[in-house]
Structures are given as structure tokens and as C-alpha cells.
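If you want the building blocks of each chain, they are given just below.
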Amino acid sequence: MEAVQRRRVTVRGVVQGVGFRPYVYTRATGLGLAGHVTNTPEGVVAEVEGAPDAVSRFCERLAADAPPLAVVDAVDHWEVPVAGGAGFTIIASRTGGPARTLVSPDVATCADCLAELADPADRRHRHPFITCTHCGPRFTIVTGLPYDRAHTTMAAFPMCPDCAREYQDPADRRFHAQPVACPACGPRLRLLTGRPPRESSDADPVAEARRLLAAGAILAVKGLGGYHLACDATHPGAVAELRRRKARGDKPFALMARDLADVERFAHLGPEERQLLAGGVRPIVLLRRRADADGPDGVAPRCPDLGVMLPYTPVHHLLLGLPGDPPGPRLLVMTSGNLAGEPIVTDDDEALDRLAALADGWLTHDRPIHVPCDDSVVRVCDGETLTLRRSRGYAPLPLTLPVPVPATLAAGGDLKNAFCLGEGRKAWLSAHIGDMDDLATQYALERAERQLESITGVTPVLLAADRHPGYRSAGWAERAAGARPLVRVQHHHAHIASAMAEHGLDGGRPVIGVAFDGTGYGDEGAVWGGEVLLADYAGYTRFAHLAHVPLPGGDAAVHRPYRMALSHLRAAGIGWAPDLPCAAVCPPEELRVLERQLERGLNCVPTSSMGRLFDAVSSLAGICHRAGYEAQAAIELEGAAYRAYGEGDGGGHGYAFGLHLPPDSVGGPLTADPAPVLAAVVADVRAGTDPALIAARFHTSVATLVTALCGAARERHGLDTVALTGGVFANTLLSSACARLLRARGFTVLRHGRIPPNDGGLALGQLMVAAAHDTP
């Protein structure tokens, strides 16, 4: 009698909602094995029985041949008693116990579904919710684990007989696809217009929506993780009206284009950008504008980049038009459905209320969104992806940690908030939450944290937050901590720890951390932001920093960069002559008040912020004097520098910072003095130098400064690994220049890729620092 063996196999990772059970079924039946497979809170569990060599072959390449959306972390298998029986089945999911499997992110509509969507002979022709095991909503519809239809927001839509047959057919790609639906049984799309809103009588809501968009209307469109506000990007009046209604200022809008051919008419596309745009994640990709092409008017005033994405849901594809559709918009503005400072709207009733002053109509549907999830934002730097906002398509994929951590919750910062849960060697960075100024955003943080705890099974015993005494995220962490310990982490230390963790450093040896941003609470109560720290997870030493100057009026200086320029000039001993753009643009009365304010030190906290120096030079060069959105002055300065580099003039050696030792020359940090840089910029301005060339020279100066400071740190402390982090390093010109100079001098350079360099990545670093403090 032929030998028979039975093995139990547990597969952990992103293995639910990605077609893993159908894959196991097909693999087992193809090898003639009996047994079963099921979803459990800890992963996919299968038992296979048959000839020993067939059982071995089943186990050997289970991970290697997994479905494309699966991420297999571990495959464990062991022999169990033979049970007999014939055939292989998918059995009901097992509930109970701690969650240890991982939920897939939402995935853009696949090519097979798109082909069916456009096929008049297919029963899902033009179905707005077409999906299969390879694509569609996942994270935003999951209400619990294991991942079954009953634990999603599709639970309210019983499958029709045709869908049920596909769902139960192992040969069908919708075999156990939980969001499966069709026009007979799935969610229903509808268009609401008017005041009060009423459902349109048009038989095709999308066709009517396209007609409205083409006529200049603004529509609220329900997506995977929330509502967008959409208008025809080529309709200047509609774009201007949307900007007015949202009180958007000059902040750029994101665009959605029908295909790559439409994008390359107005933006540069390299192979990396093409892959990002057309892949399964479909983030917003920041692309350099073409100087020789007319882009859409008013979408991103004076911004060097355009944020573009391709459609990632069936509704988007239908809105932009299928082959043969009547002409309509091929390029849409797609911006978050919210008022400035508020979280993205997900609830349908709330959308009718909160978006009433913004939208002329609502293209909505009756499938609830369980988890808010904004679009992710990325750009390409030196051929590598640089994530600026990690959200849809990436969350909630876990990160592998270089050292184990206790169950920890890190609250993140107050700008671009994202929190982080971690336990063992896994960490889960939340989707983008937003800025914490609004009470609704703080409630959104609470809801998202509860949901992430529920799908990860992490119950924190330790919390971490920023040291800033006024941060709302830190206040929330204090209230949430209760009796649990809370570690307060210095802002720039967290940035550096985030870069270390992303690159798998265990913290056994310090790095030279260059942390440049706009604002971070320093040890002495000053506003830091131009820091070079010698850091590991357990602590840091401030090796060097940008010289402190007064920040006159706090946020007033952030919103009016000319104030920062005048403060820097005064600190450098340079007069406020009216021929300087920053002095000329400041109203005379404000100029007099500002002078008295700086003389007396009233509401003038000292700052070492590199971000504020970028603002100052932007205004001093005459590029940007008022910032309507975060980092506008710095972004426009980068854009000007890019123009100079593009014309073949990178500014030579740039300007030179002064470097000063502390008075006692022992133990204290080096100071980088920008006064010589400012004097040189003033001389160039007075000589009529092109502002773009001034911008390029300034970028070169900062990169040279970084190299010099890292060289001094290596000489004194023997360190040769540099971490570049903080929001200033979202600037790809600066990041690339720093990396090139440092590597030429033998440094190992760590830059962010999967984790944002800005405050969206702060929580990962907080988690690592808190865990190091908690370790005996």
C-alpha cells in the first residue's frame, strides 16, 4: 500500500483578500492531495494529505508561487495524523483568538476587469464595482478578521446566483473574491443634484456626471477611502471656482489623467514614473512640468511639479470615458473631499452636509467606507521612489523592524499625522490622518487607531509622543496612556530613528543624522530644524546646528516668508534697504512694528530651522513672499533652482556658510552661520542676478554645508553613515546633491524611500526610540 502523509500548513502575512485560499485549492488539487484550507485570525491554515512527495512539493514553493497581491512572511508546516477522506475543500473561516494575519491594501482595477468593463458582451459591462481576487477594495472595507464577506462592508449585498457560482468555482478568478458583485446584486451608483439634493432621473449616472463636469460643474465623487472633489482640469473657470470654494489659496490640486499619453503631453515621464502611475497602487506621482508644453491652467500656480495619478477604480475609468464614449473630460482635478484642515469625508450623509458648499452634485453609492484613506503621494529621486504621503495602496502593509519591540503605540506629530503600532519585529504605520488642528481630525485619529489595533491584534503596553508641550497628538497620547508608560521623544531624534529603522539598522552604532525641517521642539525650548545629531535609538548628541535667529510672530513668519528674510538679515547685520525684495514687499507699518518686535524680543522664539532659511532666501531673491500652503516658498525656490540646473547652470560652488566652534571649544555643537550666504545673496540681488541662479547657488551651498559638517563629525567621532531626514529632504535637488557629495567622500548615505522624510514618518522613529528606552 502506498505511503500517505498529512501536513498542517500555516501561512502568515498578507494572505487574506488576495486569492490565497483559491491558490491553495488549485495547487492541492493539481497535486492530487486531499484536505482543506481556511482563513483564521493568525493566517491561512491548510491540511494536505497524500503521497509524501506530492505533499513536499505542495509545501516547497507555496510562498514562491503565491498570488501577485500576497506578501508571505512565513510558512510553517508539520506532520499530523492521517485523517483519510477524498477531495480538497475550502471550509468556513475560523474566528476567535488574536489577529496575526495582515490585511491587503486597496488595489487598482486589474487589466482583466477593465477588459470586461469595456466589453458590451460581458455581464459586468460598465459595472462601476467590478472586481476580482486580483484587484479592488480591501483595507477600506474590512470590518474584522478573518477576511470574509461577512467581515466587510459588502455584507449587506447578498450575491445573486451568477455571482455565487463564480465565487464557488475554483476555475474562476472570482473564486472567494469577497467584494464580488454585479449589476444584479452589487452596490448601486447614483447621482444627486440640486438643493436639497435629489437623485438624478438619468438612467446612467456616470454619463450625466461626465456631462456636468464638461459643463464646468464641481462634483463630489465617492472613492475607495473617501470623497474627492472633481472638476474638468482644462476648464479654467471650474478650477478657479473649486479653488475659491475650498479656500485653497495657491496650493496645487492633484490631477487624474485618462492614460499615460495624456500625461506626457505636459509632464516629464521616466520609466520609474511610468511604473508608479500604471502599477497596482496608483499613487499621486509628482512630475516635473514640461517647459515646452501648456499644462492645465490654475491647477498648480508657480509650482515646478504636477501631482498626477491614473484612474484606480471602475468609477474613475467610466468618468474619464471608455473607448467609444462621447467626448468628455480626459483630465480631472481630483482633490480630497473636505474643507481645508478637516479630514476626508467618508460618510454619505456627512458628505451631503459638509460638502454642500463645495459641490454642485454628488456621484455616490451605497457601499460604506469603513476606513478613511487618502491618496498616497510619491516622487522619484535618483531613480528611486520617495514616499511623501503613505496611505492608499500602501497602508496597512507592515514594516519589518531591525530589533524586536514591545507592543507600542506612537502618536506621530501634529502635521501630516500618521501614527504607528508595533510589536515584535512588525510595525504598522497608519494611513495619512492629516493635520491635528481640527477636532474632527483628532476624532479620526482615535477611530483609525482602534481599527488598526483590531486588525493587527496589537494591544499597546507602551506609548510614545513628541516632546512639544502643545502638540495635540501628544495630548491625545497622554489621555490614551492612562496607567501605561509614555515616552516623550525629541522631534529630530525621531526623524533620524525613522530613517535608521527603514534601513534595518539595529542601533548598535550611532549615525550622523542630518535632520532639516521647518519646526521641531528643541531641548532648550527653541524651535529646532537645522540639526546634525549623532544618534542611535537610545539617545543623541547635538553635534551641529544652524545658527539661531528670532522667529518673529511664530506662524506669521511661516505664512509671510518676507518676515523670516528680514529677521535673518537683521541677525546677519544687513540693513533693510528698500531695494531688497523682502523689504519692498513688507508694508511700511508692519516693517516698523517688526523692527521694534525684533529689538525687544517680543514673541520671538529662537529657531535654527533650515526650512525657515529656505523661506528667507526665497523671499530675499524675490521668488515667494507669502505662503498660502505649507512649504510654498521652499517649493518655489526649488522650482527656480531646477530651471537653472535645466539650463545647464547649477550655480558653480554656491555661497559659503560660516562655521563656528562654541566659545569653550569643547563639548558644544558647531554652529553653521548663514550670514555670509545672506550677504552673498544680497550682492547677487543688487547685481541683477537671475533669481533662478540665486536659488541654484543656495542649494549648492546647503549641500556643501551638509558635506562639511558630516566630514567634521567623521573626523571627531569616526562615524561614516549619514541619515538624511526631515521635510526639507523632500526636495529632490537638495537630496540628490547631498547624497552625491557625501558618497564621493566615502560616506554611506541613508535616505527615505518607503517612509516619508517629513512628519508622516515621525511615528516610526518615536516607536523605535520608546522601545529602546523601555529595554532593560
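Residues numbered from 1 in each chain as written. Predicted model: local features only at pLDDT ≥ 70, side-chain atom pairs only at ≥ 80, totals over all residues. Heavy atoms only, no water.

Undergrad: Please give an account of the overall build of the protein chain that cites residues and values.
TA: A tally of regular secondary structure across the protein chain gives 23 helices and 30 strands. For 776 residues, the compact-globule estimate of 2.2 N^0.38 gives 28 Å, and the C-alpha radius of gyration of the protein chain, at 28 Å, lies within 12% of that figure. With the C-alpha coordinates of the protein chain rotated into their principal frame, the extents come out at 95 × 65 × 50 Å. Across the protein chain, contacts joining residues at least 24 apart in sequence account for 70% of those joining residues at least 6 apart. Just so you have it, the protein chain exposes about 28,600 Å², and 53% of that area is on carbon and sulfur atoms. Once the 76 positive and 86 negative side-chain charges of the protein chain are each reduced to a mean point, those two points are 1 Å apart. (Helix = DSSP H or I, 4+ residues; strand = E, 2+ residues; numbered from the N terminus. Rg over C-alpha atoms; globule rule 2.2 N^0.38 Å. Contact = heavy atoms within 4.5 Å. Areas by Shrake-Rupley, 256 points an atom, 1.4 Å probe, with all protein chains shown as cover. Lys, Arg positive; Asp, Glu negative; His and termini not counted. Charge placed at Lys NZ, Arg CZ, Asp CG, Glu CD.)

Undergrad: So what about unusual backbone geometry? Which residues, and what values?
TA: In the segment running from R195 into P196, the intervening peptide bond is cis, with an omega of 0°. One can find P196 in the loop between strand 7 (189–193) and strand 8 (198–199). Note that the residue after A395, namely P396, is joined by a cis bond; omega there is 10°. In the Ramachandran plot, H176 falls in the positive-phi region, its phi being about 60° despite a non-glycine side chain.

Undergrad: An account of the packing of aromatic side chains is needed here, citing residue identities and associated values.
TA: With the rule as written, the count across this model stands at five aromatic pairs. Arranged with centres 5.3 Å apart and planes meeting at 75°, the rings of F20 and Y23 form a pair that is edge-to-face. Here F20 pairs with Y23, and both are found in helix 1 (residues 20–30), just three residues apart, close to one helical turn. An identical accessibility class is assigned to F20 and Y23; each is buried. An angle of 15° between the planes, with centres 5.6 Å apart, marks the rings of F516 and F729 as stacked. In this pair, F516 sits in strand 22 (residues 511–521) while F729 sits in the loop between strand 29 (721–725) and helix 22 (732–744), placing the two residues 213 residues apart along the sequence. Its relative accessible area of 2% is what places F516 among the buried residues. Residue class for F729 comes out buried when judged on its relative accessible area of 3%. Among the aromatic residues, those joined into a ring-pair cluster are Y25, F88 and F175. Seen from the ring of Y312, R392 lies directly overhead, with NZ or CZ sitting 3.5 Å from the centre. (Phe/Tyr/Trp six-rings, centres within 6.5 Å; stacked < 30°, edge-to-face > 60°. Buried < 20%, exposed > 50% of the residue type's maximum accessible area, 1.4 Å probe, protein only. Lys NZ or Arg CZ within 6 Å of the ring centre and 35° of its normal.)

Undergrad: Describe the sheet that holds strand 11 (residues 254–257), listing the residues and the values that go with them.
TA: The 11 strands lie next to each other as 8-7-15-9-10-14-11-13-12-16-17, forming an open sheet whose pairing is mixed. Strands at the two margins of the open sheet, each flanked by one partner only, are strand 8 and strand 17 (384–389). In this sheet, strand 13 (residues 305–309) lies alongside strand 12 (residues 284–288) in antiparallel orientation, the contact comprising four bridges. The residue bridging R288 from the neighbouring strand is D305, located in strand 13. Across the sheet, helix 8 (residues 271–278) lies against strand 12, strand 13, strand 16 (377–381) and strand 17, angled at about 150° from strand 12, the strand it touches most. Seen against the sheet, helix 22 touches strand 12, strand 16 and strand 17 and runs at an angle of roughly 40° to strand 16. (Pairing = 2+ DSSP bridges. Axes fitted to C-alpha atoms, helices over the stretch in contact; angles between N-to-C directions.)

Undergrad: Which residues make up helix 4 (residues 161–168), and what values do they have?
TA: Within an α-helix, residues lying three or four positions from one another point in the same direction, as the helix has 3.6 residues per turn. Within helix 4 the residues assigned to the buried category are C163, A164, E166 and Y167. Seen along its axis, helix 4 keeps its buried residues to an arc of 160°; they face one direction. Among the exposed residues of helix 4, those pointing more than 90 degrees away from its buried face are P161, R165 and Q168. (Arc of directions from axis to C-beta.)

Undergrad: Go over the side chain of D759 with me, naming the residues and quoting the values.
TA: Along the chain, the position of D759 falls in the loop between strand 30 (748–751) and helix 23 (762–774). K416 provides the closest opposite charge to the buried, salt-bridge-free D759, at an N-O distance of 7.1 Å. D759 has contacts with L415, K416, H491 and H495, leaving out every residue within four places of it along the chain. (Salt bridge = Lys/Arg side-chain N within 4 Å of Asp/Glu carboxyl O.)

Undergrad: Residues and numbers for the pattern of salt bridges, please.
TA: Opposite charge on two side chains permits them to pair, given that their charged atoms come into close proximity. Tallied over the entire structure, the rule returns 48 salt bridges. Residue D348 pairs with K222 through a salt bridge whose shortest N-O separation is 2.9 Å. Taken together, the residues span a long stretch of sequence, with D348 in helix 10 (residues 348–354) and K222 in strand 9 (residues 219–222) at a distance of 126 residues. Through salt bridges with shared partners, one network takes in R6, R8, E47 and E49.

Undergrad: Explain helix 15 (residues 561–571) residue by residue, including any values.
TA: Within helix 15, nine of the 11 residues are buried, which leaves the element mostly enclosed by the surrounding structure. Taken as a whole, helix 15 has its buried residues at P561, Y562, R563, M564, A565, L566, S567, H568 and L569. Note on helix 15: the residue one or two positions beyond its end, G573, has a positive phi of about 75°.

Undergrad: Lay out the packing of helix 18 (residues 610–620) against helix 20 (residues 675–686) with the relevant residues and their values.
TA: A packed helix pair is summarised by two numbers, namely the angle formed by the two axes and the spacing between the axes. Look at helix 18 against helix 20: their axes get within 10 Å of each other, and the N-to-C directions meet at 20°. It follows that helix 18 is roughly parallel to helix 20 by the angle criterion. In the packing of helix 18 onto helix 20, the handedness of the crossing is right-handed. Note on element contacts: helix 20 touches helix 18 through L678, V681, V682 and V685, opposite L613, V617 and L620. (Parallel < 35°, antiparallel > 145°, perpendicular 65-115°, else oblique. Left-handed = near helix turned anticlockwise from the far one by under 90°.)

Undergrad: How would you explain the sheet that holds strand 21 (residues 486–489) if you had to name every residue and give the values?
TA: What the four strands build is an open sheet, ordered 19-18-20-21; its pairing is mixed. Every other strand in the sheet has two partners, leaving strand 19 (420–429) and strand 21 as the edge strands with one partner each. Neighbouring strand axes in the sheet, compared pairwise and without regard to direction, differ in orientation by 60° on average. One ladder, built from six bridges, connects strand 18 (residues 399–410) with strand 19; its direction is antiparallel. If you follow V405 over to strand 19, its bridge partner there is G424. Lying on the sheet, helix 12 (residues 472–481) is in contact with strand 18, strand 20 (462–466) and strand 21; it crosses strand 20 at an angle near 160°.

Undergrad: Could you give an account of the nonpolar core, naming the residues involved and the relevant values?
TA: Considering soluble globular proteins, one finds that nonpolar side chains tend to be buried as a cluster. Membership of the largest hydrophobic core comes to 73 residues, with the highest contact counts inside it found for I512, V514, M610, F614, F698 and L724. Setting aside its immediate chain neighbours within four residues, V514 contacts E531, V532, V706, C710, V722, A723, L724, T725 and F729. In terms of nonpolar packing, the next biggest core, distinct from the first, is built from 58 residues, A46, V48, A181 and M436 among them. (Core = buried A, V, L, I, M, F, W, Y, C linked by side-chain atoms within 4.5 Å.)

Undergrad: Can you explain the packing of helix 20 against helix 21 (residues 691–717)? Please cite residues and give values.
TA: Following both chains from N to C, one finds helix 20 and helix 21 inclined at 165°, their axes separated by 10 Å at the closest point. One way to sum up the angle between helix 20 and helix 21 is to call them roughly antiparallel. Regarding helix 20 and helix 21, the two cross each other, and that crossing is right-handed. In contact with V677, V681, D684 and V685 of helix 20, helix 21 contributes I694, R697 and F698. Partitioned by chemical class, the residues of the contact of helix 20 with helix 21 number five nonpolar, no polar and two charged. (Nonpolar A, V, L, I, M, F, W, Y, C, P; charged D, E, K, R; others polar.)

Undergrad: Which residues make up the pairing of strand 17, and what are the values?
TA: Two strands pair when backbone bridges link them, and strand 16 and strand 17 are joined in this way by five bridges, in the antiparallel orientation. Paired with V380 across the strands is T385, a residue of strand 17. Connecting strand 16 to the next strand, strand 17, in antiparallel fashion are two residues, including D382 with a positive phi near 55°.

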